[in-house]
Protein chains: 2
Amino acid sequence: MATSIEDVARRAGVSIATVSRSLRGLPDVAPGTRERVFVAARELDYVASPYAARLASGRTDAVGVVVPHVTRWFFAQAISGAERVLREAGYDLLLYNLGNGAGRERFFDRMPIRRRVDCVLVLCLPLTDAEIDSIRAMHVPAAVIGATVPGFASVRIDDVGGGEAAVAHLLELGHRRVGLISGAPDEPMHFTAPGERRRGYRQALRSAGVPVDPALEVSGDFTMDSGRVAMERLLALDEPPTAVFAESDEMAFGVLRALRAAGLTAGRDVSVAGFDDHDMAELLDLTTVAQPVPEQGELVARALLTALTRKAPPPRAETIPTRLVVRGSTGPPPAPAPRPGRTR
Amino acid sequence: MATSIEDVARRAGVSIATVSRSLRGLPDVAPGTRERVFVAARELDYVASPYAARLASGRTDAVGVVVPHVTRWFFAQAISGAERVLREAGYDLLLYNLGNGAGRERFFDRMPIRRRVDCVLVLCLPLTDAEIDSIRAMHVPAAVIGATVPGFASVRIDDVGGGEAAVAHLLELGHRRVGLISGAPDEPMHFTAPGERRRGYRQALRSAGVPVDPALEVSGDFTMDSGRVAMERLLALDEPPTAVFAESDEMAFGVLRALRAAGLTAGRDVSVAGFDDHDMAELLDLTTVAQPVPEQGELVARALLTALTRKAPPPRAETIPTRLVVRGSTGPPPAPAPRPGRTR
DNA sequence: GTGAAAGCGCTAACAC
DNA sequence: GTGTTAGCGCTTTCAC
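This is a predicted model, so every value here is computed, not measured.

Reading the values: rules and limits
- Residues numbered from 1 in each chain as written.
- Chains lettered and ligands numbered in written order.
- Predicted model: local features only at pLDDT ≥ 70, side-chain atom pairs only at ≥ 80, totals over all residues.
- Heavy atoms only, no water.
- Helix = DSSP H or I, 4+ residues; strand = E, 2+ residues; numbered from the N terminus.
- Rg over C-alpha atoms; globule rule 2.2 N^0.38 Å.
- Buried < 20%, exposed > 50% of the residue type's maximum accessible area, 1.4 Å probe, protein only.
- Contact = heavy atoms within 4.5 Å.
- Areas by Shrake-Rupley, 256 points an atom, 1.4 Å probe, with all protein chains shown as cover.
- Lys, Arg positive; Asp, Glu negative; His and termini not counted.
- Charge placed at Lys NZ, Arg CZ, Asp CG, Glu CD.
- Domains from an automatic or database assignment.
- Near = heavy atom within 4 Å.
- Polar contact = N/O pair within 3.5 Å; in protein donor to acceptor, adjacent residues only side chain to side chain.
- Nonpolar A, V, L, I, M, F, W, Y, C, P; charged D, E, K, R; others polar.
- Pairing = 2+ DSSP bridges.
- Axes fitted to C-alpha atoms, helices over the stretch in contact; angles between N-to-C directions.
- Salt bridge = Lys/Arg side-chain N within 4 Å of Asp/Glu carboxyl O.
- Least-squares fit on C-alpha atoms with pLDDT ≥ 70 in both.
- Core = buried A, V, L, I, M, F, W, Y, C linked by side-chain atoms within 4.5 Å.
- Expected span 1.5 Å × (residues − 1).
- Arc of directions from axis to C-beta.
- Right-handed = clockwise from strand over helix to strand, strands pointing away.

> Tell me about the overall build of chain A, and name the residues and values.
If you tally the helices and strands in chain A, you get 13 helices and twelve strands. The C-alpha atoms of chain A give 26 Å as radius of gyration, which overshoots the globular expectation for 344 residues (20 Å, by more than 25%). Reported as C-alpha extents along the three principal axes, the dimensions of chain A are approximately 90 × 35 × 35 Å. Residues classed as buried in chain A amount to 52% of the 344 residues present. Partitioning the contacts of chain A with sequence separation of at least 6, the portion at a separation of at least 24 is 72%. On chain A, roughly 15,000 Å² of surface is accessible, and the fraction owed to carbon and sulfur atoms is 52%. Taken as two groups, the 41 positive and 42 negative side-chain charges of chain A have centres that lie 3 Å from each other.

> Explain the domain arrangement of chain A to me, and be specific about the residues and the numbers.
Under the domain assignment used here, chain A contains domain 1 (5–57), domain 2 (62–157 + 293–320) and domain 3 (159–292). The distance between the C-alpha centroids of domain 1 of chain A and domain 3 of chain A comes to 59 Å.

> I'd like a rundown of the protein's contact with DNA strand D, residues and numbers included.
Neighbouring DNA strand D are 28 residues; A:Ser20, B:Ser15, B:Thr18, B:Ala30 and B:Thr33 lie closest to it. One of the side-chain N or O atoms of B:Arg115 is found 3.4 Å from a phosphate oxygen in DNA strand D. Of all elements in the fold, only α2 (16–23) and α4 (50–57) of chain A together with α2 (16–23) and α4 (50–57) of chain B reach the threshold of two or more residues within the surface near DNA strand D. Per element, the largest residue contribution to the surface near DNA strand D is five residues, and it comes from α4(A). In the surface near DNA strand D, the residues fall into 16 nonpolar, seven polar and five charged.

> Tell me what's going on with the sheet that holds strand β10 (residues 287–290) of chain B, and back it up with residues and numbers.
Hydrogen bonding along the main chain pairs the strands of a sheet, whether they run parallel or antiparallel. Residues and elements named next belong to chain B. If you walk across this open sheet you meet the six strands as β7-β6-β8-β9-β10-β12, and the pairing is mixed. Both outer strands of the open sheet, β7 (217–219) and β12 (323–325), are each paired with one neighbouring strand and no more. Averaged over all pairs of adjacent strands, the angle between strand axes in this sheet comes to 20°, irrespective of strand direction. Bridging between strand β6 (residues 178–182) and β7 involves three bridges; their strand directions are parallel. Each bridged residue has a counterpart across the sheet, and for Ile181 the counterpart in β7 is Val218. Running over the sheet, helix α11 (residues 249–261) touches β6, β8 (243–246), β9 (271–276) and β10 and is turned about 155° from β9.

> Can you tell me about the pattern of salt bridges, naming the residues and giving the values?
Residues and elements named next belong to chain A. In this structure the tally under the stated criterion is 50 salt bridges over all chains. Between Asp7 and Arg10 there is a salt bridge, and its shortest N-O distance comes to 3.1 Å. Of this pair, Asp7 and Arg10 both sit in helix α1 (residues 5–12), three residues apart, which is roughly one turn of the helix. Given a relative accessible area of 27%, Asp7 falls into the partly exposed group.

> Before we move on, could you go through the protein's contact with DNA strand C and cite the residues and values that matter?
Around DNA strand C sit 29 residues in total, of which A:Thr18, A:Arg21, A:Ala30, A:Thr33 and B:Ser20 are the nearest. The share of sugar and phosphate among atoms of DNA strand C within 4 Å of the protein is 68%. Contacts to DNA strand C include B:Ile5, whose backbone N or O atom sits 2.9 Å from a phosphate oxygen. Between B:Tyr46 and DNA strand C, the recorded distance is 2.8 Å, taken from a side-chain N or O atom to a phosphate oxygen. Of all the secondary-structure elements, those providing two or more residues to the surface near DNA strand C are α2 and α4 of chain A together with α2 and α4 of chain B.

> Kindly report on the relation of the copies chain A and chain B, identifying the contributing residues and their values.
Superposition of chain A onto chain B requires a rotation of 180° combined with a translation of 0.0 Å along the rotation axis, giving an RMSD of 0.1 Å. Both copies are brought into coincidence by an operation consistent with a two-fold rotation axis. Most of the interface of chain A is mirrored in chain B, where 100% of its interface residues are also at the interface.

> So what about the nonpolar core? Which residues, and what values?
Among the nonpolar cores identified, the biggest contains 62 residues, and A:Val65, A:Ile79, A:Leu95, A:Leu123, B:Ile79 and B:Leu123 are the most heavily contacted of them. Ranked by size, the runner-up nonpolar core spans 46 residues in total, among them A:Ile113, A:Cys124, B:Val117 and B:Leu127.

> Report on the environment of A:Ala82, specifying residues and quantitative values.
All names here are of chain A. Residue position: Ala82 is located in helix α5 (residues 73–88). Along the sequence, Ala82 and Gln296 sit 214 residues apart, while their C-alpha atoms lie 8.0 Å from each other. When sequence neighbours within four positions are dropped, the list of residues in contact with Ala82 reads Leu121, Gly297, Glu298 and Ala301.

> Report on helix α3 (residues 31–44) of chain B, specifying residues and quantitative values.
Residue and element names in this part refer to chain B. Between its terminal C-alpha atoms α3 stretches 20 Å, which fits the 20 Å expected from 14 residues at 1.5 Å a residue. Of the positions making up α3, those classed as buried are Thr33, Arg34, Val37, Ala40 and Ala41. Down the axis of α3, the buried side of the element spans an arc of 125°, and every buried residue falls inside it. The exposed set on the far side of α3, more than 90 degrees from its buried face, consists of Pro31 and Arg42. Summarising the contacts, the buried residues of α3 are in contact with α1 (5–12) and α2. Backbone geometry just after α3 places Asp45 at a positive phi near 55°.

> With reference to specific residues and values, describe the pairing of strand β3 (residues 119–122) of chain A.
All names here are of chain A. By the alternation rule, side chains of β3 split into Cys119 and Leu121 and Val120 and Val122, which are all buried. Sheet topology note: the β3/strand β4 (residues 142–145) ladder contains three bridges and is parallel. Its bridge partner being in β4, Leu121 is matched across the sheet by Ala143. With helix α7 (residues 129–136) bridging β3 and the parallel β4, this β-α-β connection has right-handed handedness.

So, in structure tokens, the structure goes:
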């Protein structure tokens, strides 16, 4: 078997209690003793069994990270940020990738995460009430990104402000018919981004004295393909918009695709603004609202660590700012308006 | 505290051994007894403590997954494939995201993964000999994707064939000056993809009777930006290539960017072929060599599970085929050759 | 400052 | 088919 704490104790000529204390850096160990233990441990290439430690201490030193899809840009970014701070703090990261709907159901049904983590980080954005209850039933600190859940710590961006900035930019360029491609505002999913970005869109219109036209608002589901379909719908309108704000870059990519298919050029014929500043946004020259995703992962991880150490500090909901990145996909409306008439 | 196996035993009127056997589905339990145990467990909402089980059984039922960057498309895809089969098989997935070079060094130095997993899946492609030794020292089954390591199970694609197919396609279109943008062939990293894709490139040229011109081969490092820089170098040649094969889509994206910056159109002025079939390849209309990444993750995970159950089946190195996907970024060379002269 | 000993909550022999 | 019991390898009191 692997070398155990007893082997180290024997070699260092001390008791296993002293070995435990020394190696964990606890006080009340004479410097010389500690040194002898370190040497013995090194010589034996000793590593404490984490599972034995967990059993004895009651702590798991592990955090569960639940994501819908590791493959989606946003989640991968968030995980990497969270992983860094958790790992640094000595925590193990148990990954639960939900995948499809069936996987999601299975997870919340069986809760395989129970009893194996000290806290949970749920990046699974649209959370139903039942799912939230399942997490709550674990009785460990929990945190989310991009949503606000009572009792959970959370980190999110200023979605309203971001949406407003994007649309204000389009309006400043002279656009008056600005389309919106929103994510699905499923309720009660506690996923507030779609609704808030839309609020930002409307607020910007109102501030500019431009009437809100429901015909210009189309729903997608945050995938590229849904963006393409939505844009096709907008292009089919009698009076298509001269600019579009997509609530995510991936949907904006779909918009770009629809434009190309229609023989239109982004930034000239139709302006397009996205949201996220996806890695590919720069390549595609997409104007977008940048949000620092790895940083959100870091922040939420730190919030979790805080919840773990201190005595019940009420979970905070942090909001961090976004930044408009103007690129080539937005420009003034085409000189000869596609149709001279205005709705009103 | 949480409800323990004793609570269940008491409630079901049996011993803890019977509870253990019943819940784990072991034989030699009377159906009625098992049922009573199940009911009691359900009523108490009992979940066995995984860590106690690990201590007692010696198995960890966990696998460590080591990746350089979760955020890179390839790794995220591979993880999702592997996660699915591991989770289904009841394994926990411990994620180790190396991040930067420092993180990598720290990991292989401290090996925080020791004693906590039954096997390791290393997606960390370019592996040094020292790193491989660190993994070996764990004395658990290990597997890799995209490389071949003695003693480790592995899954990879036919890189030579893929590269050859891409370049053959370009040659068939009539191109005679075909550039190569390769990944860095760092040795001894055991990461064979760059070299093999290059071999495919050269093989295709030779088969077509086109001489290999070292001036047309430039190195990148698999990032988009390195692809952009490499393409700029190729465009600066006296006789720039009319077609380019990039060893990864991300580098090909950089190529597309360089072309646009130079006022050139992909597929008309210069043909571009990539490798991977990245999510964005379709949007960017990039001809590429598709490789099934999640499937590779699944396969390698299954190989690991096999290594875990059966008695030492010698680790296999599997190779799976690729598929050429022709899109708009490749076409015949421009009719009036940029420069009429030919090298030879 | 250090050691002895009692668990932590299971699994796995072994006995019945 | 079921129960008893001895660990698994630590942490944590509590003495000294």
